[in-house]
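Commentary on secondary and tertiary structure
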Amino acid sequence: MPSASTEQLGDRRRPWWMSAVCYEVYVRSFADSDGSGEGDLAGVREHLDHLEWLGVDALWLCPFYPSPMVDSGYDVADFCDVDPRFGSLQEFDRLLADAHARGIRVLVDWVPNHSSDQHPWFLDARSGRDAEHRDWYYWRDEPTNWRSAIDLGSTWTLDEDTEQYYLHFFLPQQPDLNWTNPRVVEAMHDTLRFWLARGVDGFRIDSVQCLGKDLTFSDNDRSLAGEPINSFNDQPETHELLRDIRALVERENPEAVLVGEVNLRREASIVQYYGHGDELNLTFNFPPLDAPWDPIVWRSIIAEIEHRLGPADAWPVWTLANHDNSRVRTRYGGSLDRARAAIVLLFTLRGTVFVYQGEELGLSDVDLRRSAWRDPGGRDGSRGPIPWTREAPHGWTGNTPWLPFSPDSGAHSVQAQRDDPDSILHLTRRLIRLRSGSTALRYGSWTELDITRGVLGFRRELDDERFVCLINFTDSVRDVPLDGQWEVHIDSRAFRGEAALEPYDGRVRPEQALVLAPATAAGREQTDVHGARSA
Ligand code: NOJ
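Given the structure is predicted, the values throughout are model-derived calculations rather than measurements. (Residues numbered from 1 in each chain as written. Predicted model: local features only at pLDDT ≥ 70, side-chain atom pairs only at ≥ 80, totals over all residues. Heavy atoms only, no water.)

Points about the packing of aromatic side chains
The geometry of two aromatic rings is summed up by the distance between their centres and the angle between their planes. Taken as a whole, this structure holds 29 aromatic pairs when the rule is applied. Look at tyrosine 23 and phenylalanine 30: their rings are 6.2 Å apart centre to centre, the planes differ by 75°, and that puts the pair in the edge-to-face class. Taken individually, tyrosine 23 and phenylalanine 30 each receive the classification buried, so the pair is uniform in this respect. Aromatic side chains tryptophan 146 and phenylalanine 217 sit 5.8 Å apart centroid to centroid with 35° between the ring planes, which places their arrangement in the tilted category. Here the residue tryptophan 146 occupies a position in the loop between β6 (139-140) and β7 (156-159), and phenylalanine 217 occupies one in the loop between β9 (202-205) and α6 (221-224), the gap between them amounting to 71 residues. The buried category is assigned to tryptophan 146, whose relative accessible area is 2%. Sitting over the ring of tyrosine 443, arginine 14 keeps its end group 4.7 Å from the ring centre. Taking NZ or CZ as reference, arginine 134 lies 3.5 Å from the ring centre of tryptophan 139, over its face. (Phe/Tyr/Trp six-rings, centres within 6.5 Å; stacked < 30°, edge-to-face > 60°. Buried < 20%, exposed > 50% of the residue type's maximum accessible area, 1.4 Å probe, protein only. Helix = DSSP H or I, 4+ residues; strand = E, 2+ residues; numbered from the N terminus. Lys NZ or Arg CZ within 6 Å of the ring centre and 35° of its normal.)

Shown next as structure tokens:
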């Protein structure tokens, strides 16, 4: 069974998800059990031993529902079933049971903002203005100027038979559900109950800031400026809906977590979605997904999160990549050193960590010509299949995978990297172990160190446990003297062996990240990291 649902620390109980390392499984590209060329739930189950070895606490499974796959499964045709290409409900149950047996929790991707245009509700809704499900969606005689995400077309598509426009914040094949209709609320609540009754441990909630709509249906200047409406839609009604969702989930499974995709890219806005502890438990924090390899940008993102979320007692989420955005290595100019340093940064920040599949392998984006895009928005780069074995077809026997592998897949395969203690895969595993053994890294405070010239430094501490993390963003060696004696627990550039920890020599190599702890009890007493200074 999964680990304890709460951890008692001092006088505070902390729910499991605060310290969790969650792993995003893009099911279609993870592992293929039946040779179809697409990953499936049985493929995930067959690789649970690997995920357990890695040390992850929970999986977020991207949508596996019946779907025409226009938006790779985010166009859901049945919220309570499994698409045959991914398996069956029985296969889901097996995966859940096996994951739980290994102590791994499972989160399902819940997509409340829209359905597929092939969902029976929408097929009925468009069958006539008097149809039973007509007002389960939004219909208007005249469109507004709103632009949709993914293809930046209009958010309104004319249904020629009934001569009205329907609303879709995303693709025309994803009509928005009308959450002002109590029957929609009830039906969607039932879908939550369905998965909770099967035993899931929570939900990643898709595009959650979109649920409430501007019911005045007014044109918007930001649309004129070319922004998609989902990037600024942030209506007060959503919070009311979220409170009911939270209450329902808490009633059915008090330990379940709700982590929302609040894609507003402003910390001041996302903090609202935690409510007063009665809305989302966690919200994704998007600025890191766009952050360049620049210590000043990173410092301001981290400081902003600390500043906004800390006082609200809202627990941060950190992630470097996902299925909608470029992989870290590609974003950072193809440098594996930077990808390695970034993953050290990820695991040493204060908050819940989400790792997107393949980031632990240092994969790059798949290089695809526009004519080969499978996604209407061209987000295929980070969606390539996971290379399991060194030799092609890298564990994907049968049909050719639905997307090509990323470059150097043999060298970056799981097999090659498990054999190499110096690999980014082993580095990730060491980070997970260090974190899970340290209350300071899991829950401790985050304090920036006064270090300049291209090195981001901070300390994490709780009671008498302390770490200092130094990330050199430059391509030259930097002297970073610290008071007291420190030893290197993690070095992004090399495996130094766990038995013999090396002393910190006061220098951080180019694009290197170090996690340091006081060397000895005596050293710890002498150490005052407030005194950290640049050379
Ligand atoms: C966010 C998902 O991550 C993305 O892949 C999808 O296209 C949109 N929401 C719409 O569901």
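Moving on from the model shown.
What to know about the sheet that holds β7
The strands that make up a sheet pair up through hydrogen bonds in the backbone, lying either parallel or antiparallel. Strand order across the open sheet formed by three strands is β6-β8-β7, with antiparallel pairing between neighbours. Of all strands in the sheet, those with a lone pairing partner are β6 and β7, marking the two edges. Bridge count for β7 against strand β8 (residues 164-167) is four bridges, and the pairing is antiparallel. Among the inter-strand pairings, leucine 158 is bridged to a residue of β8, identified as tyrosine 165. (Pairing = 2+ DSSP bridges.)

Considering the nonpolar core
One finds Leu59, Leu61, Phe64, Phe92, Trp179, Phe203 and Trp298 to be the most contacted residues of the largest nonpolar core, which totals 143 residues. Top contributing element to this core by residue count: helix α12 (residues 336-348), with eight residues. Residues contacting phenylalanine 92, with those up to four places away along its chain left out, are Leu41, Leu61, Phe64, Val82, Val108, Trp195, Arg198 and Val200. Listed in part, the 13 residues of the second largest apolar core include Leu449, Val455, Leu470 and Val508. (Core = buried A, V, L, I, M, F, W, Y, C linked by side-chain atoms within 4.5 Å. Contact = heavy atoms within 4.5 Å.)

Quick look at the environment of leucine 123
Tracing the chain through its elements places leucine 123 in helix α4 (residues 120-125). Sequence-wise, leucine 123 and arginine 478 are 355 residues apart; in three dimensions their C-alpha atoms are separated by 63 Å. The contacts of leucine 123, once residues within four sequence positions are left out, are Asp117 and Gln118.

Looking at the site of the ligand
Taken together, 14 residues lie near the ligand, and Asp71, Asp206, His323, Asp324 and Arg379 sit nearest. Contact distances for the ligand include 3.0 Å between an oxygen atom and a side-chain N or O atom of histidine 114. The separation between an oxygen atom of the ligand and a polar side-chain atom of histidine 323 is 2.8 Å. Relative to its free-state accessible area of 300 Å², the ligand is covered by the protein chains to the extent of 98%. Residue composition of the shell around the ligand, by class: three nonpolar, four polar and seven charged. (Near = heavy atom within 4 Å. Polar contact = N/O pair within 3.5 Å; in protein donor to acceptor, adjacent residues only side chain to side chain. Areas by Shrake-Rupley, 256 points an atom, 1.4 Å probe, with all protein chains shown as cover. Nonpolar A, V, L, I, M, F, W, Y, C, P; charged D, E, K, R; others polar.)

Here's the deal with the side chain of asparagine 253
With respect to the element layout, asparagine 253 can be found in the loop between α7 (237-252) and β10 (257-260). A polar contact of 3.5 Å, which involves the side chain of asparagine 253, links it to the backbone oxygen of valine 200.

Points about the pairing of β9
Residues of β9 alternate between two faces, with Gly202 and Arg204 on one and Phe203 and Ile205 on the opposite face, all of them buried. Where β9 lies against β10, four bridges are found, and the strand directions are parallel. In the strand pairing of β10, arginine 204 is matched with valine 259.

Topic: the sheet that holds strand β12 (residues 317-319)
Strand order in the open sheet made by the eight strands is β11-β10-β9-β5-β4-β3-β13-β12, with parallel pairing throughout. Whereas interior strands pair on both sides, the edge strands pair on one side only; in this sheet they are β11 (282-283) and β12. Both strand β3 (residues 21-25) and strand β4 (residues 58-61) contribute to a ladder of four bridges, which runs parallel. If you follow cysteine 22 over to β4, its bridge partner there is alanine 58. Each of β3, β12 and β13 (352-356) is contacted by α12, which is oriented at about 150° to β13, the strand it contacts most. (Axes fitted to C-alpha atoms, helices over the stretch in contact; angles between N-to-C directions.)

A short note on the pattern of salt bridges
As enumerated under the stated definition, the model contains 39 salt bridges in all. We note a salt bridge from glutamate 7 to arginine 442, for which the minimum N-O separation is 2.7 Å. One end of the pair, glutamate 7, is in strand β1 (residues 6-9); the other, arginine 442, is in helix α15 (residues 439-443), and 435 residues separate them in sequence. Taking relative accessible area as the criterion, glutamate 7 reaches 25% and is therefore assigned partly exposed. Here arginine 126 ties to aspartate 159 by a salt bridge, and the two come within 3.0 Å at their closest N and O atoms. On the criterion of sequence distance, the pair formed by arginine 126 in the loop between α4 and β6 and aspartate 159 in strand β7 is long-range, its members being 33 residues apart. A residue is classified by how much of its surface remains accessible, and aspartate 159, at 5% relative accessible area, is buried. Several salt bridges converge on common partners, so that one network encompasses Asp71, Asp324, Asp375, Arg379 and Arg383. (Salt bridge = Lys/Arg side-chain N within 4 Å of Asp/Glu carboxyl O.)

Some points on the layout of surface pockets
The calculated volume of the largest pocket comes to roughly 570 Å³. What lines the largest pocket is a set of 25 residues, among which Ala149, Asn230, Asn263, Asp324 and Arg379 lie closest to the centre. Among the residues forming the lining of the largest pocket, the class breakdown is eight nonpolar, nine polar and eight charged. (1 Å grid on protein atoms, 1.4 Å probe; cavity = no way out; pocket = protein on both sides within 12 Å on 5 of 7 lines; lining within 4 Å. Points joined across faces, edges and corners; volume = space filled by probe spheres on them.)

A word on the packing of helix α3 (residues 89-101) against helix α5 (residues 182-198)
Two elements in contact, α3 and α5, have axes separated by 10 Å at closest approach and are oriented at 55°. Between α3 and α5, the interaxial angle falls into the category oblique. Between α3, through Leu89, Phe92, Asp93 and Leu96, and α5, the contact on the second element is made entirely by Phe194, Trp195 and Arg198. In terms of residue class, the contact of α3 with α5 is built from five nonpolar, no polar and two charged. (Parallel < 35°, antiparallel > 145°, perpendicular 65-115°, else oblique.)

A few points about the pairing of strand β18 (residues 486-491)
Counting buried positions over the six residues of β18 gives five, a clear majority of the element. Looking at chain direction, β18 and strand β21 (residues 513-518) are connected through five bridges and run antiparallel. Pairing of glutamate 487 across the sheet is with alanine 517, part of β21.

Observations regarding α5
Along its 17 residues, α5 runs 25 Å from first to last C-alpha, staying within 8% of the 24 Å computed at 1.5 Å per residue. Of the positions making up α5, those classed as buried are Val184, Val185, Ala187, Met188, His189, Thr191, Leu192, Trp195 and Leu196. Of the surrounding secondary structure, the elements contacted by the buried residues of α5 are α3, β5 (105-110), α4, β9 and α7. Where α5 begins, the side chain of asparagine 181 points an oxygen toward the backbone nitrogen of arginine 183, at a separation of 2.8 Å. (Expected span 1.5 Å × (residues − 1).)

Worth remembering: the numbers are spatial, not functional.
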